[in-house]
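What the coordinates show
Below are the chains, spelled out letter by letter.
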Amino acid sequence: MIDAKHLLWLAEISDLGSLSRAAEKLNVTQPTLTRAVQVIEARVGGKVLTRERHGVRPTQIGERLVATGRQIAQHRNNAEDMIDLWKDGLERDLRVGVGPMLASSIMGKFFSSLTDKPPKYALKVVSATASRLIERLNNNDLDVVLAPEQISLLQDDLVQTRILEDELGIFVGSQNKLSNPDKNVTPDMLSQQSWISVGALSGIYGSNKEVLTQLGVENASSSISFTGDIFMAMEMLTMSDSLCILPKKLTKLSIFSPKLRFLKSTIELPKRNVAFWSRRSDRDRPDFLDFRSRIEAYLSSLGENTL
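Small disclaimer: the values here were computed from a predicted structure and weren't measured.

**Details of the overall build of the chain**
Across its full length, the chain holds twelve helices and 13 strands. Counting the 307 residues in the chain, one finds 45% classified as buried. Across the chain, contacts joining residues at least 24 apart in sequence account for 75% of those joining residues at least 6 apart. A total accessible area of about 16600 Å² is found for the chain, and carbon and sulfur atoms account for 49% of it.

Right, here's the structure in full:
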């Protein structure tokens, strides 16, 4: 039977590409690592590492064993985290996924507000695209997700609870000639503009172009597209003549709000509500309910005028 410690060491060697660097990180001697690799190779009946000009890399069977070693490392880290939580008097950790638009607008202030009355659980926060977060929730890599409400992704094992009602809007930088707050824009006026496409629309329509088609805007060009990060898109919006479709309330709560203008239109754009996602089996867990009540209370404290 292969020693689990040896597989963990093999993963470190592979990730660092060097026995000497792995020995230094693991605080063992290089000959000790060499012997561990030899023990694994004796069990396999072949090489698990090949030497190259700039280090070592795993063979085909070596890569499979490295994957197992990484899993062992992850389980060990999880165990260490549980011990640390217990020592700190915390019950567990809550793995939270946050969509890019939420991350760039309200979530930093929300998490700061928790320091006044800390929960009895630790928070591990990840920001990524909505689709990626939902995938990780399905795979049990996350506990809850704060992301757009997406009817198309309804599944038996996932549930959504709406925590914020929002809708899409057209935004421009203050220097754009269309930024007159008292004038409705027409499809013809919008067709003559350059657009920034963002992943914030994912889950409502497949692409920026489909939303523009609903507006009656034909042949609009997107000068650049952003996925997974909204900060760069909004910064570009403030510094160019481009237009962008963004969630209205969250955009107004972002740091870029003073430099952006919302364009009035006769066409009503789709909703962009935000939901609290969880697995159905976990929806009534005390820590889930506590976290949801905290984010709902925070949104309520912002007030209707702010939102």
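Still more ground to cover, so stick around.
**So, the sheet that holds strand 4 (residues 121-127)**
The five strands are arranged 4-3-5-13-6 in an open sheet whose pairing can be described as mixed. Because the sheet does not close on itself, it has two edges, and the strands there are strand 4 and strand 6 (158-164). With direction set aside, neighbouring strand axes in the sheet form an average angle of 25°. Most of the contacts of helix 7 (residues 130-138) go to strand 5 (residues 144-148), to which it runs at about 155°, and overall it touches strand 3 (92-98), strand 4, strand 5, strand 6 and strand 13 (274-279).

**Concerning the packing of aromatic side chains**
With the rule as written, the count across this model stands at six aromatic pairs. With 5.3 Å between their ring centres and 50° between their planes, F110 and F111 make a pair best called tilted. For the pair F110 and F111, a shared accessibility class is recorded, and that class is buried. Ring centres of F231 and F256 lie 5.0 Å apart, and the angle between their planes is 65°; on these two criteria the pair is classed as edge-to-face. Placement of the pair is F231 in helix 10 (residues 231-238) and F256 in the loop between helix 11 (248-252) and strand 12 (260-265), with a sequence separation of 25 residues. The rings of F110, F111, F276, F291 and Y298 are connected pair by pair, giving a single aromatic cluster. When the ring centre of F262 is taken as reference, the NZ or CZ atom of K252 above it lies at 5.5 Å.

**Some thoughts on unusual backbone geometry**
Positive phi values are uncommon outside glycine, yet N27 reaches one of about 60°. Examined against the element boundaries, N27 turns out to sit in the loop between helix 2 (19-26) and helix 3 (30-44). Residues other than glycine seldom take positive phi values, yet N140 does so here, at roughly 65°. Along the chain, N140 turns up in the loop between helix 7 and strand 5. With relative accessibility at 42%, the residue N140 sits in the partly exposed group.

**Brief notes about the nonpolar core**
Core analysis: the biggest nonpolar cluster contains 37 residues, and L102, I106, M107, F110, L246 and F291 have the highest contact counts within it. By residue number, the principal contributor to this core is helix 12 (residues 286-306), which donates six residues. The next biggest cluster of nonpolar side chains, apart from the first, holds 20 residues, and it includes L8, A23, L33 and V56.

**Observations concerning the pattern of salt bridges**
Tallying each qualifying case throughout the model produces 16 salt bridges. Among the ionic pairs, K271 bridges to E167, the shortest N-O distance being 3.8 Å. Of this pair, K271 sits in the loop between strand 12 and strand 13 while E167 sits in the loop between strand 6 and strand 7 (168-173), and the two are 104 residues apart along the sequence. Judged by relative accessible area, E167 falls into the partly exposed class, the value being 23%. Within this structure, R95, D143, R279 and D282 form a network of salt bridges that share partners.

**A closer look at the side chain of D166**
With respect to the element layout, D166 can be found in the loop between strand 6 and strand 7. Buried D166, no salt bridge; nearest opposite-charge side chain is K249, N-O distance 5.7 Å. Separated by 3.0 Å, the side chain of D166 and the backbone nitrogen of K249 make a polar contact. Once residues within four sequence positions are removed from consideration, D166 is found in contact with P247, K248, K249, L250, K271, R272 and N273.

**With respect to the confidence of the model for the chain**
Within the chain, residue pLDDT values average 84, and 88% of them lie at 70 or more. Ranking the elements of the chain by mean pLDDT puts helix 9 (residues 208-214) last with 71 and strand 13 first with 94.

**With respect to the pairing of strand 5**
Where burial is concerned, most of strand 5 is hidden: five out of the five residues are buried. Bridging between strand 5 and strand 13 involves five bridges; their strand directions are antiparallel. Bridge pairing links A147 to A275 in strand 13.

**Description of helix 2**
Looking only at helix 2, the buried set comprises L19, A22, A23 and L26. Down the axis of helix 2, the smallest arc covering the buried residues is 100°, so these residues share one side. Turned more than 90 degrees away from the buried face of helix 2, the exposed residues are E24 and K25. Where the residues of helix 2 are buried, they touch helix 1 (4-16), helix 3, strand 1 (49-52) and strand 2 (55-58). One or two positions beyond helix 2, positive phi appears at N27, with a value near 60°.

What counts and what doesn't
- In every chain, residue numbers begin from 1 and rise along the written sequence.
- With the structure being a predicted model, the display of local features is reserved for residues of pLDDT at least 70 and the display and counting of side-chain atom pairs for 80 or more, all residues being used for whole-chain, interface and lining totals.
- Remark: hydrogens and water are excluded; side-chain values derive from all non-hydrogen atoms of the structure.
- Labels follow the DSSP assignment, with helices taken as runs of H or I lasting at least four residues and strands as runs of E lasting at least two, numbered in each case from the N terminus.
- Only protein chains enter the area calculation, which uses a 1.4 Å probe; residues under 20% of their type maximum are buried, those over 50% are exposed, and those in between are partly exposed.
- In this analysis, two residues are considered to be in contact whenever any of their non-hydrogen atoms come within 4.5 Å of each other.
- Only the protein chains shown count as covering a residue, and every accessible area follows the Shrake-Rupley method with a 1.4 Å probe.
- Pairing between two strands requires that DSSP report at least two bridges joining them.
- Under this scheme, a helix contributes an axis fitted over its contacting stretch, all axes are lines through C-alpha atoms, and angles between N-to-C directions fall in the 0 to 180 degree range.
- Centre distance within 6.5 Å is the pairing criterion for rings of Phe, Tyr and Trp, where only the six-membered ring of Trp is used; planes under 30 degrees apart are then read as stacked, over 60 as edge-to-face, and the remainder as tilted.
- Throughout this description, the term charge over a ring refers to an Arg CZ or Lys NZ atom that lies within 6 Å of the ring centre and within 35 degrees of the ring normal.
- Residues grouped as a nonpolar core are buried Ala, Val, Leu, Ile, Met, Phe, Trp, Tyr and Cys residues, joined through side-chain atoms within 4.5 Å.
- The salt bridge definition used is simple: a Lys or Arg side-chain nitrogen within 4 Å of an Asp or Glu carboxyl oxygen.
- When charges are counted, Lys and Arg contribute as positive and Asp and Glu as negative, whereas His and the chain ends are disregarded.
- A 3.5 Å cut-off defines polar contacts: any pair of N or O atoms within that distance qualifies, except that in protein one atom must be a possible hydrogen donor and the other a possible acceptor, and neighbouring residues in sequence count only when both atoms are side-chain atoms.
- Summary of the metric used: pLDDT quantifies the predictor's per-residue confidence within the range 0 to 100.
- The arc in question is the one traced by the directions running from the helix axis out to the C-beta atoms.

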